[in-house]
Amino acid sequence: MGKVYLTGAGPGDIELLTLKALRVIKEADIIIYDRLANPDILKEAKSGCEFVYVGKEDGRHIMPQDDINEVIYQNAIKYENVVRLKGGDPFVFGRGGEEALYLHERGIKFEVIPGITSSISAPAYAGIPVTHRGVAVSFRVVTGHESPHKKESQIPWETFKTDDTIIFLMGLHNLPKISKKLIEIGKPEDCPCAVISKGTTKDQIVVIGTLKDIVEKTKDVPTPALIVVGRVVELRKQLQWFEENV
Ligand code: SAH
């Protein structure tokens, strides 16, 4: 019986992988990975390491989560060191918690290796600090997968009226509904927004707009992408640094 390492792969830039993640990747007998994990990371594995792709993108799963859980479990019975490699951080909308529960219920040992989440690092590479003195005292990371107009929406939309930063993951396809909803609850139409696509990679695209025009401006932006809403977005004008370095 082996051990499963629920490992964060970071947001894209391979150098944002933690030393601990790199160590378990080098020692892995098998790596079960998602689409969002940078595939170059797999080159660090030892020869003979097995790779299993259980692709996952924007909340749409190529393999249903129940099957992924079972694949991890079955391999934990078979192998000593199992790495479950997930984009960003495994516990930020990565369903890592569900995978950990599945293993716990079956008596499989596991460790969680946090990763640098795209929700903070993609804004950072876009020159947008998620908090800033005098601008935003907090930030929230919210699923954009759920339609804001669903009757039983679990998202507390009314609480988004403040100046705090809101980061939506998995929300690009719902952006028309999200921006409309935020205007409906009383946020100003000119509230600054950013859409960051493929953040921290050489293909990073950053589009700046307002709640009113961001949909129009981001029609052709590829995924994965996240949305940042709030006055911190304006800091990019002075803090943009990444594009000049790649
Ligand atoms: N666990 C991941 C998030 C998984 S949900 C993390 O901590 O980053 C998948 C969503 O994350 C995508 O739909 C997108 O909104 C966001 N995302 C992941 N990688 C991204 C990247 N490099 N640039 C922008 N958004 C990204």
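Note: the structure precedes this text.
Residues numbered from 1 in each chain as written. Predicted model: local features only at pLDDT ≥ 70, side-chain atom pairs only at ≥ 80, totals over all residues. Heavy atoms only, no water.

Asks: Let's hear about helix α5 (residues 175–184): which residues, and what values?
Replies: All of the buried residues along α5 are Leu175, Ile178, Ser179, Lys181 and Leu182. Viewed end-on, α5 has its buried residues packed into an arc of 160°, placing them on one side of the element. Positive backbone phi, approximately 115°, marks Gly186, located one or two places after α5. (Buried < 20%, exposed > 50% of the residue type's maximum accessible area, 1.4 Å probe, protein only. Helix = DSSP H or I, 4+ residues; strand = E, 2+ residues; numbered from the N terminus. Arc of directions from axis to C-beta.)

Asks: So what about the sheet that holds strand β11 (residues 205–210)? Which residues, and what values?
Replies: One open sheet holds the five strands; their spatial order is β8-β9-β12-β10-β11, and the pairing between them is mixed. With one partner strand each, in any of the chains shown, β8 (139–143) and β11 form the two edges of the open sheet. For this sheet, the mean inter-axis angle between neighbouring strands, taken without regard to orientation, is 20°. Where helix α4 (residues 118–125) meets the sheet, it contacts β8, β9 (165–169), β10 (192–197) and β12 (225–229), and its direction lies at approximately 75° from that of β12. (Pairing = 2+ DSSP bridges. Axes fitted to C-alpha atoms, helices over the stretch in contact; angles between N-to-C directions. Contact = heavy atoms within 4.5 Å.)

Asks: Would you mind going over the pattern of salt bridges in detail, with residue names and values included?
Replies: By the definition in use, this model includes 17 salt bridges. Salt-bridge contacts for Asp163 lead to Arg231; the nearest nitrogen and oxygen are separated by 3.4 Å. Taken together, the residues span a long stretch of sequence, with Asp163 in the loop between β8 and β9 and Arg231 in the loop between β12 and α7 (236–239) at a distance of 68 residues. The class for Arg231 is partly exposed, based on a relative accessible area of 35%. With a closest N to O distance of 3.6 Å, Lys180 and Glu184 form a salt bridge. You can see Lys180 and its partner Glu184 sitting in helix α5, four residues apart, about one turn around the helix. On the basis of relative accessible area, Lys180 is assigned to the partly exposed category, the value being 49%. On the accessibility criterion, Glu184 (47% relative accessible area) is partly exposed. Among the ionic contacts, a cluster of salt bridges with common partners joins Asp34, Arg84, Lys86 and Glu99. (Salt bridge = Lys/Arg side-chain N within 4 Å of Asp/Glu carboxyl O.)

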